[in-house]
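# Structural characterization, general
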Amino acid sequence: MIDDALLEILVCPADRGPLLLVDDGRELYNPRLRRAYRIDDGIPVLLVDEARDVGDDEHTRFTA
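Residues numbered from 1 in each chain as written. Predicted model: local features only at pLDDT ≥ 70, side-chain atom pairs only at ≥ 80, totals over all residues. Heavy atoms only, no water.

## With respect to unusual backbone geometry
The cut-off we apply is this: Where helices and strands are cited, they refer to DSSP runs of H or I of at least four residues and of E of at least two residues respectively, numbered from the N terminus.
In this structure, Arg16 takes a positive phi of about 60° despite not being glycine. Of note, Arg16 is situated in the loop between α1 (4-9) and β1 (20-22). Its identity as a non-glycine residue notwithstanding, Asp41 has a phi of 50°, on the positive side. Structurally, the position occupied by Asp41 is in the loop between β3 (35-40) and β4 (43-44).

Listed below in structure tokens is the structure:
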């Protein structure tokens, strides 16, 4: 799980905007670009090439 203090300073590597902790703490999400970054063993993988695109249904669920 990502600590709240760490979450406040983490930013998306693509647009430098804030990220949301989603999917029970398994991913960080950028709602502006609709990209999700996985978290492996508590370590965020903030690599643009490793991010996955998020569809409309998942975006709605993440931002609700």
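## Things to note about the environment of Leu10
So the rule is basically this: Note on classification: 1.4 Å probe, protein chains only; a residue is buried when its accessible area is under 20% of the maximum for its type, exposed when over 50%, partly exposed between these limits.
With respect to the helices and strands, Leu10 occurs in the loop between α1 and β1. Since its relative accessible area comes to 13%, Leu10 is described here as buried. With 36 residues separating them in the primary sequence, Leu10 and Leu46 have C-alpha atoms 9.1 Å apart.

## A word on helix α2 (residues 56-63)
For the record, the criterion: Our arc is simply the arc of the directions from the helix axis toward the C-beta atoms. Only heavy atoms enter the contact rule, under which two residues are in contact if any of them lie within 4.5 Å.
Every buried residue of α2 is accounted for by Glu58, His59 and Phe62. Each buried residue of α2 sits inside an arc of 105° when the element is viewed along its axis, so together they form one side. Counted as exposed and oriented over 90 degrees from the buried face of α2: Asp56, Asp57, Thr60 and Arg61. Those residues of α2 hidden inside the fold are in contact with β1, β2 (27-30) and β5 (52-53).

## Some points on the nonpolar core
We apply this condition: Here the nonpolar core consists of buried residues drawn from Ala, Val, Leu, Ile, Met, Phe, Trp, Tyr and Cys, with membership extended through side-chain atoms lying within 4.5 Å.
In this structure, Ile2, Leu7, Leu10, Cys12, Leu19, Leu28, Tyr37 and Ile39 together form the largest nonpolar core, which totals eight residues. Beyond its immediate sequence surroundings of up to four residues, Leu7 is in contact with Ile2, Leu19, Leu21 and Leu28. Within the second largest apolar cluster, five residues are counted, among which are Val22, Ala36, Val54 and Phe62.

From the geometry alone we can't say anything about function, so treat these as descriptive.
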